[in-house]
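Examination of the molecular architecture
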Amino acid sequence: MSTKTSTRTKVERPPGPRQHWLFGNLREFSRDRLGALTRWQRQYGDLVWARFGPRSILFLNHPDLVEEVLVAQNRKFIKHYRLRGARRTLGKGLLTSEGDFWRTQRKLAQPAFHRDRIAAYADVMVQYTERMLVSWKDGQTRDVQADMMRLTLEIVARTLFAAEIGSDSAGASAAMETLMHTWMKQLGRLIPVPAWVPTPSNLLYERAARRLDEIILTIIAQRRRSGEDRGDLLSMLLHAQDEESGRRMTDDQLRDEAMTLFMAGHETTANTLAWVWFLLANHPKSEAMLHAELNAVLGDRPPTIADLPRLKYTGLVVTEALRIYPTVWMVGRENIEPVELGGYTIPAGTTIFMPQWTIHRDPRWFDEPESFRPERWALGLQEQIHRYAYFPFGGGPRICIGNNFALMESALLLATIARRFRLRLAPDAVVTPLPSMTLRPAHGVKVVVTQRR
Ligand code: HEM
């Protein structure tokens, strides 16, 4: 190793934007998160050093570096402070727990997401979508993002917890929105307001969290009372026993896992579909190709899981939407010991963000990265590019447990709806990306739905 490199490894930090003495780069980031990510990547490259108040922040914009963190050196990292902040609601669920506890819980939950198992959920997905479409009227204006939120929440409740939340779904969706909104506000603060201070925002948060607790604890209590094994995720978790102690999960543990799966399992897919509708409405040629495929494969019947291998273009639309509007727009970690990344020694306790937003739109990996072109994936692009040039579901041991569930659900919902309706943006629709906990359209996606003949 040359002297120059070894000196650099010891003292230098990666380049990055100038820092305000108190806020660091927090204000610039909070004002325009996506813009800041893009600007800093262009200006400073693959490693960008920044500071949010007292926290050192490192952004990684290269797939090799993402692979280092998520896979090769994953044991040196834990989830980052923003997710730890969500523990107030998610407790020690799969998304936020660590170490042996996480490993045990993941092993318990994994069978519910096995390919054969999720295949059994396909009928519910299509059935619930058809049920929603009964209320859609030709020429009606709707917020399709809100529709997708309610639908995906009902699907996750039914498939994983065998629960019908029908009339509760709108209230539960709204409560989840309040929680996510509050988390994001906290991220922009130099010093987070403690949960016990009765600010209007904390009070709203508490009310929303209580509402969700009520729904989830009722589902758990009903199942405990009936003692029934319905073969769904909830039954698996209820009946799982620790091999050594023989102990079963407490209601609190069950609640944390259920809350996590409700949250992680519906908002992400709903927003992916909201972006799909927005993109299709703006790309009539892609929409026409989708319709042609649906006509050819389905004719006048709804899809089943057996159709998915032939609904190729439908799948590519979802893949491309997840590239251009990745609903998880960055994943984050914190290193628990110093790590070597890209020739730098990164001190322990640094928050490391890996933005799908910049990597998915990098011209080094994608031609015309800003264009929506589902066909770019048709000839095996996924196998040709770096594994971490496209990583909407993360990677390594903490990869999304619901990735196959989400892809199947997105394709089936898209096919079921697009077979019957065409969605056009309403004349007054304003669609802008809001990078909250997930990347969502800031004001929903207002569309006019017309029946396809
Ligand atoms: C398009 C939809 C989805 C996207 C883009 C997505 C994305 C992600 C990403 C990027 C992660 C990794 C986070 C990290 O490494 O810090 C993750 C984790 C997770 N996702 Fe998803 N997800 C989606 C749908 C789902 C669904 C449908 C479920 C469940 C039904 C789900 C449940 C989870 C859980 C429990 C974790 C934590 C896994 C663990 O750490 O063991 N997700 N998701």
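For clarity, every value in this text was computed on a predicted model and none was experimentally measured.

On to the overall build of the protein. When helices and strands are tallied, the protein shows 19 helices and 12 strands. Each of the 453 residues in the protein was classed as buried or not, and the buried ones make up 40%. Sequence-distant contacts, at least 24 apart, represent 73% of the contacts inside the protein between residues at least 6 apart.

Helix packing geometry: the angle between the two helix axes and the distance between the axes. Contact pair helix H10 (residues 144–161) / helix H14 (residues 251–282): the axes reach a minimum separation of 8 Å and the direction vectors enclose 140°. By crossing handedness, the relation of H10 to H14 is classed as right-handed. Two secondary-structure elements touch here, H10 through Val-144, Gln-145, Met-148, Met-149, Thr-152, Leu-153, Val-156, Leu-160 and Phe-161 and H14 through Ala-258, Leu-261, Phe-262, Gly-265, His-266, Glu-267, Thr-269, Ala-270, Leu-273, Ala-274 and Trp-277. Of the residues that constitute the contact of H10 with H14, the class distribution is 14 nonpolar, 5 polar and 1 charged.

Moving on to the environment of Thr-218. The topology assignment puts Thr-218 in helix H12 (residues 200–226). The spacing of Thr-218 and Val-48 is 170 residues in sequence and 46 Å in space, taken between C-alpha atoms.

Moving on, we get to the sheet that holds strand E12 (residues 446–451). With antiparallel pairing, the 3 strands of this open sheet are ordered in space as E4-E12-E9. Each end of this open sheet is capped by a strand with a single partner; those strands are strand E4 (140–143) and strand E9 (421–425). Across the sheet, the mean angle separating the axes of adjacent strands is 40° when strand polarity is ignored. Sitting on the sheet, H14 is in contact with E9 and E12, with an inclination near 80° to E9.

Judged by nonpolar contacts, the single largest core of 114 residues is most densely connected at Phe-59, Leu-60, Ala-274, Val-276, Trp-277 and Leu-414. With 16 residues, H14 is the largest single contributor of residues to this core. Contact partners of Val-276, with chain neighbours within four places excluded, come to Val-317, Val-318, Ala-321 and Leu-414.

This brings us to the site of the ligand. In the neighbourhood of the ligand, 23 residues make up the surrounding shell, with Gly-265, Thr-268, Gly-394, Cys-400 and Gly-402 lying closest. Counting residues per element, the ones that place at least two in the shell around the ligand are H14 and helix H19 (403–420). For the shell around the ligand, the element with the most residues is H14, which contributes 7 residues. Looking at the shell around the ligand residue by residue, the class counts come to 13 nonpolar, 8 polar and 2 charged.

Mean pLDDT over the protein works out to 90, with 95% of the residues at or above the 70 mark. The model gives residues 1–10 a pLDDT under 50, and that stretch makes 7 contacts with residues more than four places away or in other chains.

Taken in spatial order, the 5 strands line up as E1-E2-E8-E5-E3 in an open sheet, and their pairing is mixed. The sheet terminates laterally at strand E1 (47–52) and strand E3 (77–79), the two strands that pair on one side only. Strand-to-strand twist of the sheet, defined as the mean angle between neighbouring strand axes without regard to direction, takes the value 35°. Pairing of E1 with strand E2 (residues 55–60), which is carried by 6 bridges, proceeds in the antiparallel orientation. Across the sheet, Leu-47 pairs through a bridge with Leu-60, a residue of E2. Contacts between helix H3 (residues 33–44) and the sheet are confined to E1, E2 and strand E8 (351–355), with E1 contributing the most and set at about 135° to the helix.

A few words on the environment of Ala-172. For Ala-172, the position within the fold is in helix H11 (residues 169–187). Residue Ala-172 is classed as buried on the basis of its 23 C-beta neighbours within 10 Å. Considered as a pair, Ala-172 and Gly-332 are 160 residues apart in the sequence and their alpha carbons are 27 Å apart.

Turning our eyes to something else, we now look at the environment of Trp-357. Turning to its location among the elements, Trp-357 is positioned in helix H17 (residues 356–359). Of the residues examined, Trp-357 has 22 C-beta atoms within 10 Å and is grouped as buried. Taking the C-alpha atoms as reference points, Trp-357 and Trp-329, 28 residues apart in sequence, are found 5.2 Å from one another.

What counts and how
Residues numbered from 1 in each chain as written. Predicted model: local features only at pLDDT ≥ 70, side-chain atom pairs only at ≥ 80, totals over all residues. Helix = DSSP H or I, 4+ residues; strand = E, 2+ residues; numbered from the N terminus. Buried ≥ 20, exposed ≤ 12 C-beta atoms within 10 Å, placed from the backbone. Contact = placed C-beta atoms within 7 Å. Axes fitted to C-alpha atoms, helices over the stretch in contact; angles between N-to-C directions. Left-handed = near helix turned anticlockwise from the far one by under 90°. Nonpolar A, V, L, I, M, F, W, Y, C, P; charged D, E, K, R; others polar. Pairing = 2+ DSSP bridges. Core = buried A, V, L, I, M, F, W, Y, C linked by C-beta atoms within 7 Å. Near = placed C-beta within 6 Å. pLDDT = per-residue confidence, 0-100.

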